[in-house]
Each structure stands twice: as structure tokens, then as C-alpha cells.
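As a plain string of letters, each chain reads:
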Amino acid sequence: MIIEINELKLKFKNSTFWLGGDFNLPDIKWPEQNISGSMYSKELNEAFIDMLNNLGIEQMVDFPTRKDNILDLFCTNQPALITKIKSIPGISDHDIVLVDAICKPQRSKQSQHKIYLWKKVDIKKIKDVTSHFISELISQTNENLNIDQLWNKFKEGSNKIIDDNVPSKITKSKYTNPWANRDIDHLCKKQRKAYNKAKKTGKQEHKDKYKKLKATAQREIRRAQSTYMQEIISPQLEEKPKSFWQFIKSKKTETSGVSPLRGKDGLLSDSTLKSVWKGMKTSTDFKDLWNTVEPLNSLKCRKP
């Protein structure tokens, strides 16, 4: 069985893998993976544990399924997709392992936002504009303006200077591979055009051109991916982890965004959290909390 599981997992490397059933291995103490007992040989138990570790599979059941033993197991290579796992009474002397899972990772859609390109700023021009703005602002200090009005003028003027003098761009809302660059995007577009043309005409010369562009694109993508991986898996990973997590998101196997809360019945989904929040807002226990203004003189200052 261990050989068959190895072959199956290696055949479908990028697939979500679920392995469950009554394995009847009471000698293994989960989740510590300690072996205590003599019902089966130590070699058999170690072989099963080594198989899970070598294939990157995690055993999720941590509660007894028959008396004090964990005999019914559920193993997966994507534990982040499991939202709830618990036991329910079975029809035999074994409890049933009930698993709730999401079939596809949930990803929060990135909203478009503006990014300022500070490297392309004309420093001399923005200094002159800022100097002129500061002079005008100082001259207005004698117009009986309070601090809030002066702050609003300063804020509006600063934002206007940035918007008028700093180039900007709008980010994309779709996900792209972190190692992709303009050259690869251009090459992929040429490949798609060649494919459409070869499909439309059916001529051999167009098919040959498409195959050549396809091979070139695949070679450049592999090269860019290899270079990117060498850069993120480096001693600078702890100092600059952003590239690493961009790569994890690009694999589309983990749920991204704010992590859900874990309750006694499993993970709380977005809809559950919204209902809980709404209940807190309308509950009489919290009603006074939202409408209470803490007086400033009651706040204690913490001295260093």
C-alpha cells in the first residue's frame, strides 16, 4: 500500500491529495508521531510515518476514533483547506471522521490603487513648487486661521503638489506570476498570436513558427522562474520575505487574505464573522460600549 500511495502522489504532484480510512495503526501516537506498542512491527509504523513526511502529507485526526486509539486517519497535503474536522457516532465500533474542506483556495481580490513613481520625479521642479507653496502658507498665518484650517490647507496643498508633479500608475487587479516581466509577457503575446494564426490558416509554416515561439517562451519562463527562486531562497529571506510570499500566492494552493477565526466547531467563515459582528453591534451587552465616549481626564498616562 505504501508503494502505491507513493506512486499515486508522485504521479499527480500538483494535485490536492486526500487519504483517509481505517488504517488500524494503534501503535502510532498522533500528532507527535511517537511509536508505543507492539501490535505491529516498528518497521511498519516507521515506514508509514516516513511516507507521510517524505510526501509532505499531514495527518489531521487528533482525537480517538475507537476507544482511546486513533485508528481512522485523514491525511492531506493541503491542511489549510480543511476548515473543520471532528468525530460523530458511527454505525460500528468506530467513530466517523467528519471533514469539512474547501475545494478551491479562497483568494481576496486585489483592489486597484495608485502607486507613485518617485524615481521619475523632477526633484528641482518639485522643490521650487514646494518652496512657493510654503511661502504662501506662511503668509496666510496672519488671517486668523485656526490650527485645523491651517492643517487642511497644508494637507490639500501637499497632495496637489504630489498629484501634479509625481508620475503614478494604477496597479492591476489580476494576479500574475511574480517572476514574469515585460519580455516574457511580450513573448507570450506573440505566441498566442502565432497560435491563432496557425489555427486559422492551417499552413505548416505558421505551425512551425508557433512551435518555435512556444519553445522559446517555455525556455525563458523556466529561466526567469529559476532566477527568481534563487533570489528568494537566500540568507535575505528573513529580511525581505515579500518575494517569498508572492511566490506562495502564485502557486494558488493556499488561502490568502485575513485568516479566519477558529472556534470550537472549526474555522469561522466570512459570513459567520459578519453575523457575529452584527450581533455584537446590536446586542444590549455591547450597545453602551459603542456609544460611550471616554473622558480625557480619566485616561491614565503611562510613564516610561
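Residues numbered from 1 in each chain as written. Predicted model: local features only at pLDDT ≥ 70, side-chain atom pairs only at ≥ 80, totals over all residues. Heavy atoms only, no water.

Digging into the overall build of the protein
Part 1: From N to C terminus, the protein includes nine helices and 11 strands.
Part 2: When each of the 304 residues of the protein is scored for burial, the buried share is 21%.
Part 3: Of the contacts formed within the protein by residues at least 6 apart in sequence, a portion of 53% connects residues at least 24 apart.
Part 4: Carbon together with sulfur atoms contributes 53% to the accessible area of the protein, which is approximately 23,500 Å² in total. (Helix = DSSP H or I, 4+ residues; strand = E, 2+ residues; numbered from the N terminus. Buried < 20%, exposed > 50% of the residue type's maximum accessible area, 1.4 Å probe, protein only. Contact = heavy atoms within 4.5 Å. Areas by Shrake-Rupley, 256 points an atom, 1.4 Å probe, with all protein chains shown as cover.)

Some details on helix H2 (residues 42–55)
Part 1: Spanning 14 residues, H2 covers 20 Å between terminal C-alpha atoms, matching the ideal 20 Å at 1.5 Å per step.
Part 2: Restricting attention to buried positions, one finds in H2 the residues Asn 45, Phe 48, Ile 49, Met 51, Leu 52 and Leu 55. Looking down the long axis of H2, one finds its buried residues gathered within 150° of arc, a one-sided arrangement. Away from its buried face by more than 90 degrees, H2 exposes Lys 42, Glu 43 and Asn 54.
Part 3: In this fold, the buried residues of H2 make contact with helix H1 (2–11), strand S2 (28–29), strand S3 (34–35), strand S4 (58–59) and strand S5 (72–76).
Part 4: Gly 56 sits one or two residues past H2 and shows a positive phi near 70°. (Expected span 1.5 Å × (residues − 1). Arc of directions from axis to C-beta.)

Re the environment of Ile 138
Part 1: Mapped onto the fold, Ile 138 is located in helix H3 (residues 123–139).
Part 2: Sequence separation of Ile 138 and Leu 150 is 12 residues, and the distance between their C-alpha atoms is 9.5 Å.

Looking at the packing of aromatic side chains
Part 1: One pass over the structure, following the stated rule, counts seven aromatic pairs.
Part 2: One aromatic cluster in this structure is built from Phe 23, Trp 30 and Phe 48. (Phe/Tyr/Trp six-rings, centres within 6.5 Å; stacked < 30°, edge-to-face > 60°.)

A word on the side chain of Asp 27
Part 1: Checked against the element boundaries, Asp 27 lands in the loop between strand S1 (18–22) and S2.
Part 2: Despite being buried, Asp 27 has no salt bridge partner; Lys 29 is the closest side chain of opposite charge, sitting 6.5 Å away.
Part 3: At 3.5 Å, the side chain of Asp 27 and the side chain of Asn 45 are in polar contact.
Part 4: Setting aside its immediate chain neighbours within four residues, Asp 27 contacts Asn 34, Ile 35, Ser 36, Gly 37, Ser 38, Met 39, Tyr 40 and Asn 45. (Lys, Arg positive; Asp, Glu negative; His and termini not counted. Salt bridge = Lys/Arg side-chain N within 4 Å of Asp/Glu carboxyl O. Polar contact = N/O pair within 3.5 Å; in protein donor to acceptor, adjacent residues only side chain to side chain.)

Quick notes on the packing of H3 against helix H4 (residues 147–165)
Part 1: One can describe the packing of H3 onto H4 by two numbers: an axis separation of 11 Å at closest approach and a directional angle of 160°. With respect to H4, the element H3 is oriented roughly antiparallel. The two elements H3 and H4 meet at a crossing, and its hand is right-handed. Across the interface between the two elements, Lys 125, Ile 126, Val 129, Thr 130, Phe 133, Ile 134 and Leu 137 from H3 touch Leu 150, Lys 153, Phe 154, Gly 157, Ser 158, Ile 161 and Asn 165 from H4.
Part 2: Across the contact of H3 with H4, the residue classes break down as eight nonpolar, four polar and two charged. (Axes fitted to C-alpha atoms, helices over the stretch in contact; angles between N-to-C directions. Parallel < 35°, antiparallel > 145°, perpendicular 65-115°, else oblique. Left-handed = near helix turned anticlockwise from the far one by under 90°. Nonpolar A, V, L, I, M, F, W, Y, C, P; charged D, E, K, R; others polar.)

Observations concerning the packing of H1 against H2
Part 1: Look at H1 against H2: their axes get within 11 Å of each other, and the N-to-C directions meet at 5°. Here H1 is positioned roughly parallel relative to H2, judged by the angle of their axes. Contacts from Ile 2, Ile 5, Asn 6, Lys 9 and Leu 10 in H1 reach Ala 47, Phe 48, Met 51 and Leu 55 in H2.
Part 2: A breakdown of the residues in the contact of H1 with H2 according to their chemical character gives seven nonpolar, one polar and one charged.

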